[in-house]
Amino acid sequence: MDYTIWSVGLIFLLPFMAFVVNTVIVKRFTTLAVGISCSAIFGSFLLSLRIFSDFQNKFAADYHIHKVFNWMNLSGGDQTFVVDMGVYIDNMGSIMLLMVTGVAFLIHIFSTFYMRDDARYGRFFVYLSLFTSAMLGLVLSDNLLSFFIFWELMGFCSYSLIGFYYEKNEAGDASIKAFMTTRIGDVFFLLGILAIWSVVGNVTFVDIYRFIGENGFVGKTADLSFFGTVIGIPLATFAGLAIFMGTIGKSAQFPLQVWLPDAMMGPTPCSALIHAATMVAAGVYLSLRMYPLMEAGNLNYFIAIIGGITAFGAATIALIQTDIKAVLAYSTISQLGYMVLGIGVGSYTAAFMHLITHAVFKACLFLSAGSVIHSLHDHHTHEHVQEMPRMGGLRKKMPFTFWAMMFCTLAITGAPFFSGFVSKDRILGDAAVQLVNGWKWYIPAILGYGGAFLTAFYMFRMMFLTFFGEPRDKELYDHMHTEHFSWNQNLPLLVLSVFTFGAWYCGSFTGQSIAKVPGVQNKEWFSTLVTKPDVNNFTHYQKQPWEKVDKKSDLVFEKSHYDASHGLEEKEAHRVHHVHVIGAIVSVFIFLGGLLMAMMMYYWKKWNPGRWTSAFSFWYRALQNKYYMDDLYIKIIIQKGLLNLNNFLAFLDMGIYDRYAVDGMAKVNSWAFKVCRWFDDVIVDTVVVDGTGASVRIFNVVLRTFQSGKIQFYIFMILFVMVGYIWQLNI
């Protein structure tokens, strides 16, 4: 395949050009603008599908595309400053491109149904095009600088979409909260980029890998000063931690997870885009790309702890949510925690697999929730209903949405044969392997398995409250229409639900090679092709200039084969496999336990949930208040801390600096002006200038008197002098 600007660059450029064109025509030609947006992302999907197919045909773990061009050259004299930009696609990138474009296209299609009656219908698609182009540009980036540029562009798009209904104060507040919270992580991300640039000389991924492979970070420290004390931190640790802080902000990890639940204020399709294919996935994708640096900085355990806390903590809050979108929002935070947990425990491939599987079933869940919300219209308030206590029995009127949402619920809860079991179980299995190797890993392992149990409970709680039982709001139920198949409402859901089966991602139905798929040749294609970057392979890496035709199709890449031992010795591989099988069995019982508990409370109604809330009232209040994280940030850190600091700094600025330095200097200048004016008027003008003139005039009178030109006066003066001289002699 000839990889050129037309086959690679257009993946990003098509939706970006749709954004540019639609900003001009959207007001007058709204339908055309919507068609352009959908066509552009579909074109990107076809190009991505071609690249994905090509990578699958090569079936080589080291197959890649890397083309660079000079973006900026500010070199002069002995100083060299060159910035290159480029495109880097490997197997992980090709899968990511297919996922982003495929899911985004289906979200575009669903949006034509969901947003068609909205007053800002066309504007919504303008934002969608820019958002998807930013994510695609990020995936194609070969370096951290362009990655950061598209990263920030997505931040702007999320701000715009979350605050789409800007006439609502809640939407405006939520967009600002999301923008400012993620900026905290972005500042650290930028610091990490600068730290890497200072020693590597650029921030291209392959050059960072090469630098790590050459032990370039060994012995280098980042000297930080705290209250006059200089603390030396290994540079790899500092840079890796700074980069990971970007992930914490973007992917809503503890303690910066507070923005994501409020992101529900945007339209539901934008929630699906943010929570599935774009923004939150970008943070995990960053950590996967920079995994060798984090490993070199010995950050694995810290990352695993953050992921475990996020996965379990968000799952507990989801237990009591009554808004259907809020349940899905907290489930997103929890599932992102599993991805980060996977990175921490070294489950690189499974973490990325869970990113992909989660994108599919979470997009479907949000679109299904949007279908439910759009169908429930309160004729008294003229608002769509999102509260689950007002629903019930909807499976009879919404069969397509019900089955799509049920498949996705089975996937996210880790039911066997579904994708969530395949990907999440491998992460939990690797956490169990780490636990066997060292007891310090019991915290992330317990948090991971505990979160899995809670996920099964709260997701089936959502399903039972929404689709089962009798309608709890009879008037609302009677006024809703029975769902009939619609290409832009139901087809995207059904397509996504098809890909919730685990067999698409591995050679077995269960993920443990126990129930293999008959006739599948490339067993475990995902695990075979997506492998952790081996930094030693980049020591002599050569980049390819953009203008040259790609010749990789002529090169021989050794086909990869699934290694059941994963590079381990036979005895160790058997032990690891044994632990994974036990972990899988435990996961099945955890899934069944969560399902049974939800059925006892909300299907059979044998247990009264009110008793649990009364028995654990303190914890229930803590969950209602989201562990008081918002109170901590807003009431303590911001209002009592930062605002007081701001007031103190304002006092220093206006009360001291302005009053004494600025205004005082004005008074000093005024006094100096008066002194200078007096000196100028009296001394310079009166004494010096005018005095000189007066002395000249006086001297002129004297000279004019003695030099009159009259002979008689001169004879008189001579006689006068002579008489005076004779008089002097006589004396």
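Residues numbered from 1 in each chain as written. Predicted model: local features only at pLDDT ≥ 70, side-chain atom pairs only at ≥ 80, totals over all residues. Heavy atoms only, no water.

### As for the overall build of the protein
Along its length, the protein carries 26 helices and seven strands. For 731 residues, the compact-globule estimate of 2.2 N^0.38 gives 27 Å, and the C-alpha radius of gyration of the protein, at 37 Å, exceeds that figure by more than 25%. Projected onto its principal axes, the C-alpha coordinates of the protein cover approximately 155 × 70 × 55 Å. Taking all 731 residues of the protein together, 53% fall into the buried category. Within the protein, contacts between residues at least 6 apart in sequence are counted, and of these 77% link residues at least 24 apart. Just so you have it, the protein exposes about 34,000 Å², and 66% of that area is on carbon and sulfur atoms. Charged side chains in the protein number 51 positive and 49 negative. The centres of these two groups are separated by 5 Å. (Helix = DSSP H or I, 4+ residues; strand = E, 2+ residues; numbered from the N terminus. Rg over C-alpha atoms; globule rule 2.2 N^0.38 Å. Buried < 20%, exposed > 50% of the residue type's maximum accessible area, 1.4 Å probe, protein only. Contact = heavy atoms within 4.5 Å. Areas by Shrake-Rupley, 256 points an atom, 1.4 Å probe, with all protein chains shown as cover. Lys, Arg positive; Asp, Glu negative; His and termini not counted. Charge placed at Lys NZ, Arg CZ, Asp CG, Glu CD.)

### Digging into the domain arrangement of the protein
When the domains of the protein are assigned, the result is domain 1 (1-298), domain 2 (300-533 + 565-620) and domain 3 (631-729). Once you take the C-alpha centre of each, domain 1 and domain 3 turn out to be 66 Å apart. (Domains from an automatic or database assignment.)

### Considering the pairing of strand S1 (residues 65-73)
The sheet contact formed by S1 and strand S2 (residues 82-89) spans eight bridges and is antiparallel. When the bridges of S2 are listed, Val68 appears paired with Gly86. Sheet topology note: the S1/strand S7 (residues 544-545) ladder contains two bridges and is parallel. By the bridge assignment for S7, Val68 is matched with Pro545. (Pairing = 2+ DSSP bridges.)

### Describing the packing of aromatic side chains
Counted according to the given criterion, the structure contains 46 aromatic pairs. Relative to Phe501, the ring of Phe407 lies with its centre 5.6 Å away and its plane at 65 degrees, an arrangement referred to as edge-to-face. Taken together, the residues Phe407 in helix H16 (residues 399-412) and Phe501 in the loop between helix H20 (491-498) and helix H21 (525-529) connect sequence positions 94 residues apart. Among the aromatic residues, those joined into a ring-pair cluster are Phe402, Trp403, Phe407, Phe418, Phe460, Phe464, Phe467, Phe468, Phe501, Phe591, Tyr603 and Trp604. Stacked on the ring of Phe179, the Lys or Arg Arg183 has its end atom at 4.2 Å from the ring centre. Above the ring of Tyr338, the side-chain terminus of Lys424 is found at 5.1 Å from the ring centroid. (Phe/Tyr/Trp six-rings, centres within 6.5 Å; stacked < 30°, edge-to-face > 60°. Lys NZ or Arg CZ within 6 Å of the ring centre and 35° of its normal.)

### A look at the packing of H16 against helix H18 (residues 442-467)
Where H16 contacts H18, the two axes come as close as 9 Å, and the packing angle between them is 170 degrees. One way to sum up the angle between H16 and H18 is to call them roughly antiparallel. Mapping the contact onto sequence places Thr401, Phe402, Met405, Met406, Thr409, Leu410 and Ile412 in H16 and Thr455, Met459, Phe460, Met462, Met463 and Phe467 in H18. Of the residues assigned to the contact of H16 with H18, the class counts are ten nonpolar, three polar and no charged. (Axes fitted to C-alpha atoms, helices over the stretch in contact; angles between N-to-C directions. Parallel < 35°, antiparallel > 145°, perpendicular 65-115°, else oblique. Nonpolar A, V, L, I, M, F, W, Y, C, P; charged D, E, K, R; others polar.)

### Comments concerning unusual backbone geometry
Pro255 follows Phe254 through a cis peptide bond whose omega is 10 degrees. With respect to the helices, strands and loops of the structure, Pro255 is situated in the loop between helix H8 (235-250) and helix H9 (259-262). For Tyr628, which is not glycine, the phi torsion reads 60 degrees and is therefore positive. In this fold, Tyr628 is placed in the loop between helix H24 (617-624) and helix H25 (629-706).

### Quick notes on helix H11 (residues 279-289)
Within H11, eleven of the eleven residues are buried, which leaves the element mostly enclosed by the surrounding structure. Turning to H11, its buried residues are Met279, Val280, Ala281, Ala282, Gly283, Val284, Tyr285, Leu286, Ser287, Leu288 and Arg289.

### Here we look at the pattern of salt bridges
By the definition in use, this model includes 16 salt bridges. Between Arg289 and Asp90 there is a salt bridge; the shortest N-O distance is 2.8 Å. With Arg289 in helix H11 and Asp90 in the loop between S2 and helix H3 (91-114), this residue pair connects regions lying 199 residues apart in the sequence. When its relative accessible area of 2% is taken as the criterion, Arg289 is described as buried. A relative accessible area of 14% places Asp90 in the buried class. (Salt bridge = Lys/Arg side-chain N within 4 Å of Asp/Glu carboxyl O.)

### Quick look at helix H7 (residues 205-213)
The buried count for H7 comes to eight of nine residues, which makes it a mostly enclosed element. Every buried residue of H7 is listed here: Phe205, Val206, Asp207, Ile208, Tyr209, Phe211, Ile212 and Gly213. For H7, the elements touching its buried residues are S1, S2, helix H5 (144-162), helix H6 (169-200), H11 and helix H12 (291-296).

### Focus: the environment of Phe188
Among the structural elements, Phe188 can be located in helix H6. Residue classification places Phe188 among the partly exposed residues on the basis of a relative accessible area of 36%. As for Phe188 and Pro492, which are separated by 304 residues in sequence, their C-alpha atoms are 38 Å apart. Not counting residues within four places of it along the chain, the set of residues in contact with Phe188 comprises Ala242 and Met245.

### Quick look at the sheet that holds S7
Each strand in a sheet pairs with another by means of backbone hydrogen bonds, the pair being arranged parallel or else antiparallel. With mixed pairing, three strands are arranged side by side in an open sheet as S2-S1-S7. Each edge of the sheet is formed by a strand with only one pairing partner; in this case those strands are S2 and S7.

### Brief notes about the packing of helix H14 (residues 324-344) against H18
Following both chains from N to C, one finds H14 and H18 inclined at 155 degrees, their axes separated by 11 Å at the closest point. When the interaxial angle is binned, H14 and H18 end up roughly antiparallel. The chirality of how H14 crosses H18 is left-handed. Packed against H14, whose contacting residues are Ile324, Val327, Leu328, Ser331, Ser334, Gln335, Tyr338 and Leu341, the element H18 presents Pro444, Leu447, Gly448, Gly451, Ala452, Thr455, Tyr458, Met459, Arg461, Met462 and Thr466 at the interface. For the contact of H14 with H18, the per-class residue count stands at eleven nonpolar, seven polar and one charged. (Left-handed = near helix turned anticlockwise from the far one by under 90°.)

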